[in-house]
Structure formats: structure tokens, C-alpha cells
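Fold and contact review
One letter stands for each residue in the lines below.
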Amino acid sequence: MSNGTQSVTVRVARWCATHPWRAIVGWLLLVVLCLGAGTAVGTNSGTIEDFWVGEAGHAESMADASGLTPAPTEQVLITADGGDRLDEAAATSAADYVRRRMAALPAVVSVAEPAWSADRTALLVDVTLRGDSETAEDDVATLLEQTVAAQAAHTAVTVEQTGSASMSNEVDESMGQNLLRTEAISLPVTFVILLVVFGTVLAAGIPILLALTAFTGAVGLYGLASWVFPDAGGAAMSVIFLLGMAVGVDYSLFYLKRIREERTHADHLDRTAAIEAAAATSGRAVLGSGIAVMLALGGLYLADDVIFSSVATGAILVTALAVVGSLTVLPALLALLGDRIDRGLRGRRRAGSGAGRGEQGRARGENAAWTAVLRPVVRRPLVTLLVSVAVTGALAAPALTMRLGTEGAETFPDTLPSVAAYDRLTGAFPSQGPAHLVLARGEDPAALLQDLADRTRGDNLFAQDSTPEVVVAADGGTALLRLPIPFSENSAEAQRSLEHLRAELIPEAVGTAAGTQIAVSGDVARGADYAAHQAERLPWVIGFVSLTTLVIMFVVFRSVPLAVLGVVLNLAAVLVSWGVLTLVFQGTWAEGLLGFDSVGFVGSRTPLMVVAILVGLSTDYQIFVVSRIREAARRGVPTQQAVVEGIAGSASVVTSAAVIMVSIFGSFLFFDRIEMKQMAVGLTVAVLFDAIVLRALILPSVITLLGERTWWPARTRPNTALVRR
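Everything numeric in this text was worked out from a predicted model, so none of it was measured.

To continue, consider the sheet that holds strand β9 (residues 478–484). Strand pairing in a sheet relies on backbone hydrogen bonds. The paired strands run either parallel or antiparallel. Taken in spatial order, the four strands make up an open sheet running β8-β9-β7-β10, and their pairing is antiparallel. Each edge of the open sheet carries a strand with a single partner, namely β8 (470–472) and β10 (517–522). Averaged over neighbouring strand pairs, the angle between their axes works out to 20° when direction is ignored. Here β8 runs beside β9; their pairing, made up of three bridges, is antiparallel. Following the sheet pairing, V470 is matched in β9 by L481. Of the strands in this sheet, β7 (435–441), β9 and β10 are in contact with helix α3 (residues 54–66), which crosses β10 at around 105°. Sheet strands touched by helix α18 (residues 523–557): β7 and β10. Its angle to β10, the strand with the most contacts, is close to 95°.

What follows is the structure in C-alpha cells.
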């Protein structure tokens, strides 16, 4: 990055340090304005059409245009209490009670006659709601009240309710509770880590304060941005908090540590001069790293998906605010607080003849430990590189067998009442589980679909406990067929059923009929088409973030080898993360350890999310570490020694940042949703791998092997301005 850019960070820091109250009030006003504006305009949620993908999306558009979109339904299941034999009289009484109470509700369109399971161990009441899936989520609470009342009035049986709306509401509520719990865990842990790093409460509290205000402002801006990039059901909120805490704390940590380091090495520097010196180094790196993170996150827009667009928008906004806060309000706070920020710490170090010498001793101890670790790496760089590459390959190899799937009832925690009820429902009534929805448009579509339904009779890939019915649109030109299957939607059998339907049964039924349009949707098709869409977009996202990494690293360091190395290291971290995700979540060995039930696949959104977040953060670390190596090289230090000095000198702050990242990402392991656990594992493993293997082994060994060629085409000449006192 140019000296002009460097001077901008210094000028901004100088102004904020000399006008601290203006900078602080300005920052608070910015946060309040962002939050107020977002609250005033509200959040624009994506429509159902925003989620249509592939053939399944085409089928849903056909259904919507012809008025054949299935109405939202809820199911009330009546079974024996505790697994005993079902009292049919008591069950019938409960069903009649449910039907009367439900039919009287304004949100209910119709209530079906009670249906017995094949073995007469369960009784089912189907309730059809008005509107669509969105209105159903608002209306379903009134139905649940009646179900609870029915249970209270009929204690001889178990009365429970399930359905898409009730499950969606419970999952969202659980996510909100989990997010609050995550905040309750991650904030104290982060504070304790920062307290250990800085030694004072004030110094530990400032990064958290900056991160929380950046998060607050980003929430408001996200509301505004949602009118351009619609909100996908609140999916972005968890990522905004996660990334806001991560980068907000990290940037403050880098800045604060550098100020202390400057004052440690030059006792005559006052705090303002130290702030300017930190702005010229860490401030410059924060700016470059923030841009790298935002550009990497921008790759998510290429996924062509409303969920990823909303996540990218929220994450970019919180990163931008974290950068702005680090470069403005942070210098202002440090200047305003002055030496009070180190109060208590200085007293403990007075025996070492002042804060500087005490800090110097601590720094020398940390540097000595890292120097001891790095010495064999730079002495045997080729051996180190080969061993590290072998370890990387071994960890990444399982990614070749990664299987993608989508969230659904089978992946939601069965601790939620509606999910547990759904499991019992599909056990008693297989036809109430996942189903293929076949839409046909053309001449006599009803006859075509009836022929198709006839072809599924006796086929074990389709449920045989009910007779598929064809529904015809009012204009007679479009028809809908629901074909239930007796399998979970992400199972191999469900996929075979879909493939058999699309590749064989439909072509046989259509034959040579001219002008016929036919498409399949439903739970299985929607998930399969979504996963296929993500797999198709994944290379574009990887290509984009790799290109941005290449450009950012070259702009920052003017070095082709370092730019290429940055891309390679990022991809290595991604592949290792994917490999570990495959090992952990496609098997069952880690179920007890991490508290999940394996569904045999990795969520289709997880790999893309890992790429975008990880590449940005990995580039973040690389910029800070390589910047320190280059500083040493520009002082005339030989490359091998510069590697040791640069990595050892930055090890404390980068390792602390990595520990904080791990604590924040790791807190998402406590979520009930398996997709959030997968995110937690993928990002935690990647950060640890980056800190242990990439930064401590591969990066120094490659730079040592390259020597002065590391900086090609630029030449690293000694810069007397960087020489220490």
C-alpha cells in the first residue's frame, strides 16, 4: 500500500488523538444514527420467490402462477401416552375436540376428518391455514394454544402439533436463545483473554467496547441495506455478531499492542507519538486487512443466493465499521485515557525500572520462545515445508468425499417439541413426510400426472400408504401431483427416488407429447437443486476471493511471490477445514464429543461460508505477519533473520487474536442447529491450522527458501526511518 495511504492513517490518528472528544462523540453519533435509521425503515425480508432455485424453483413458479401452491398445513397427532396401547375412544374424543376448536379459528381454512394410522396406534388431524408459509408462521400460535388445551382436557392420550410453521418458529426461537447464550459465553471469555494479554481492565475492555458498538451500528445499517439485498430470515445476524466480535477485537488488539511496543522500545515517546507510529504500521495493516476481508466476503454475492447476499451485506458492514472505529475512535480513546489505561500494570513493573523495561522483559521472553520454535524451521526449510505439506494433504484429503445436503426437519434438534412430534408423525404416517411435487402444464395435464402416479404404484421408492391425488388449476391447463416418499429428505433413498422420477418415470409418462412442461419440486428436489446450485457457484466464489487475495497481497507488498503464496495458504486452510468437516460430520465418532446426531452430510451453505470468512481472516493474519517481516528486511536484516524477527515479534498479538477467534467461533458449538456447529468446527480448525502450521511452519519455510526473491519485483532496501533507536 502506498505511502499516501499510510499517511492517511497517520493523519486520521493524529487528528483523533488531538481532538479525542470530537472523535468519540462523532463515533457514538454514527452508531446511533445507523441504528436509528435502520429501526426507522425496518428490515425488508426476502419473498418466497427469492428462494426459488433450479427446476424446483421453476415448478414453484408454475404452481404460484396457476394458484396450485399447496396451502400451509399443521398436523395434530394423537398417540398413546408413554407408548401404551392407544385408547381409541379417548383418541377420537380428543380429535373431535381439536376439530371443533381449530375450525372456529379465523386463521383456519379447513380441518380434515381424523385419519388412523395403518396399525391404529395414532390418529391424525390435518389443519389447513389461510395465506402462505409466511402468514402461517404468524397464525400458528393460535393453533398451538388449542392443541395445548386439547392435551389438558384429554390426559389419557398425547396430543401434539407439528408442521412447517410451528417448526420454523421453534427453530428461530431456539436460534435466538442460542445467540444470547453465545454472547454470554464469548464476551466474558474474550475479556479474560484480553485481560491476560494487556494486564489491565481498561485495556481489555476497549476492544470489546469497539466490537459491540460496531455490531450495533452494523445492525442498523443492515436494516437499510436490506431494501437492496433482502434479509433471508435473520440468517445474517449470527454472522454479523460473530464477525463483528472477531475483527473488532482483533483490530483493536493489533493497534493497542503496537502502541505498547512503540513505547517499550522508545521510553521518550509520548502516547500521541506512539499512536502515530502505530497508525503508520498497524493502522495501515488494519486498513489493508479490512479491505481484504470485505472483498473476500463480497465473493458471496456470486453465489446468486438471497441467504449469502444477506450474510455478505451484514458481514461487510460490520467489518467496515470495525475498521473505521479502529482508525478513529480507538486512537481518540487511547489519547484521552493516557497512562490511565496501563494503571496497575505500571506499578507491577516498576521494579523493572519503568513500564518500558518491564514490557521489554516480557516481550523478550515471548520472542525468545518463538525464536526457539522458528530456528529449526529456518535451518531446515525444505524438510519443514515437505512435512507440513504432507500434513496439510492428509487433513484435506477427506474433502474429496464431502457430501452436501440441506437443512430440514431431520437436521433440527429433536429437543424441540414440534420436531419430536414430526418424527413420530412420519413414523406412523409415512406419507406425511417428504414428498415430490410434480407440476405439469399443457394439454390434459391431469391425465399425464395420473399416468405418472400409476407408474409409482408398488415402487418402494415411493410411499404406498396413501393414494396420490391430482389437483387441477381453475383454467385446466396446469395440474399438481403430490408423491410422498417414506424416507428422510437427505437420505440416499430419497435422492434415488428423485432421480428415478426425473430421469425415467417422467420421460416415460410424457412420451412424445408436444408442448408439455413438467417440473419437480418438493423437499427433496428443493434441497438437491439448492446443493447443485451451490456446487456450481462454488468455483466462481473461490476464483473471486483468490483473485482478490492476489491483488490485495500484491498491492500491500508489491511482491508476486507473496501474492501467490497468500492465495495458496488461503486455499490450504480452506481445504483442511473442509476435510475436517467431512471427517467429523459425515461420520458418527464425534457425536458424543460435540453433541449432535450425524446426518451424513455437510450443510450445502457451510463450504461457501467458510471460504468467504476464512479467506478474509487468513489474509488478515498474513498481512500483519508479513508486514513485520518486511519491516525487519527494510532495516537491512537478512531474510532468514527477518523471518524469525518478524514472526516472533508478531507472534504474541497474532496468537492472542487467534485464541480470541477460536473462543468466538467455538462458542457456536453450543448451538442446537448442526449447521452452526459445522460453521464453528470449520472456522475453529482453520484458525488453529493457520496459527500452527501455515504461519509457524509453511510461511517461514517458503520465505526462507525464496530469500531475497520473496520481494520480487520490488527490492527491499534498508529504510533508516524504520531503524529502531
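What follows continues from the structure just given.
The subject of this paragraph is the environment of D139. When you line up the elements, D139 lands in helix α5 (residues 133–153). D139 sits in the buried class, given a relative accessible area of 11%. In sequence terms D139 and V108 are 31 residues apart; their C-alpha atoms lie 8.8 Å from each other. Non-local contacts of D139, meaning those with residues more than four positions away in its chain, are made with A107, L129 and R130. At a separation of 3.0 Å, a polar atom in the side chain of D139 contacts the side chain of R130.

We now examine the nonpolar core. Counting residues in each nonpolar core, the largest one holds 159 residues, and the members touching the most others are Y255, L297 and I613. By residue number, the principal contributor to this core is helix α21 (residues 606–634), which donates 17 residues. Excluding residues within four positions of it along the chain, Y255 makes contact with A13, I275, A278, A279, S282, G283, S326, L327, L330 and P331.

Turning to the pattern of salt bridges, a few remarks are in order. For the coordinates displayed, the defined rule picks out 15 salt bridges. Ionic pairing is found between E60 and R526, a salt bridge with its closest N-O pair at 2.9 Å. Taken together, the residues E60 in helix α3 and R526 in helix α18 connect sequence positions 466 residues apart. Note on R526: relative accessible area 35%, which makes it partly exposed. Salt bridges linked by common partners bring E55, R502 and D529 together as one network.

Bringing the packing of aromatic side chains into the picture now. For the structure shown, the criterion picks out five aromatic pairs. When the centroid spacing of 4.9 Å and the interplanar angle of 40° are considered together, the rings of F229 and Y301 count as tilted. Taken as a pair, F229 in the loop between α7 (201–225) and α8 (235–265) and Y301 in the loop between α9 (271–298) and α10 (306–327) lie far apart in primary sequence, 72 residues in all. With 4.8 Å between their ring centres and 45° between their planes, F585 and F596 make a pair best called tilted.

Another aspect to go through is a nonpolar patch on the surface. On the surface, L547, L550, V551, F554, V555, V560, V564, V568 and W712 cluster together into a nonpolar patch covering about 740 Å² of accessible area. Where the nonpolar patch is concerned, the elements lending two or more residues are α18 and α19 (560–585). For the nonpolar patch, the element with the highest residue contribution is α18, accounting for five residues. By the element assignment, L547 lies in helix α18.

What follows concerns the packing of helix α2 (residues 20–41) against α7. Helices that pack against each other are described as a pair by the angle of their axes relative to one another and the distance between those axes. The N-to-C vectors of α2 and α7 enclose an angle of 35°; their axes lie 7 Å apart at closest approach. By crossing handedness, the relation of α2 to α7 is classed as left-handed. Contacts from W27, V31, C34, L35, A37, G38 and V41 in α2 reach L210, T213, A214, T216, G217, G220, L221, G223 and L224 in α7. In terms of residue class, the contact of α2 with α7 is built from ten nonpolar, six polar and no charged.

Rules behind the numbers
- Residues numbered from 1 in each chain as written.
- Predicted model: local features only at pLDDT ≥ 70, side-chain atom pairs only at ≥ 80, totals over all residues.
- Heavy atoms only, no water.
- Pairing = 2+ DSSP bridges.
- Helix = DSSP H or I, 4+ residues; strand = E, 2+ residues; numbered from the N terminus.
- Axes fitted to C-alpha atoms, helices over the stretch in contact; angles between N-to-C directions.
- Contact = heavy atoms within 4.5 Å.
- Buried < 20%, exposed > 50% of the residue type's maximum accessible area, 1.4 Å probe, protein only.
- Polar contact = N/O pair within 3.5 Å; in protein donor to acceptor, adjacent residues only side chain to side chain.
- Core = buried A, V, L, I, M, F, W, Y, C linked by side-chain atoms within 4.5 Å.
- Salt bridge = Lys/Arg side-chain N within 4 Å of Asp/Glu carboxyl O.
- Phe/Tyr/Trp six-rings, centres within 6.5 Å; stacked < 30°, edge-to-face > 60°.
- Patch = residues over 30% accessible without salt bridge, like charges linked within 9 Å, V, L, I, M, F, W, Y side chains within 5 Å.
- Areas by Shrake-Rupley, 256 points an atom, 1.4 Å probe, with all protein chains shown as cover.
- Left-handed = near helix turned anticlockwise from the far one by under 90°.
- Nonpolar A, V, L, I, M, F, W, Y, C, P; charged D, E, K, R; others polar.

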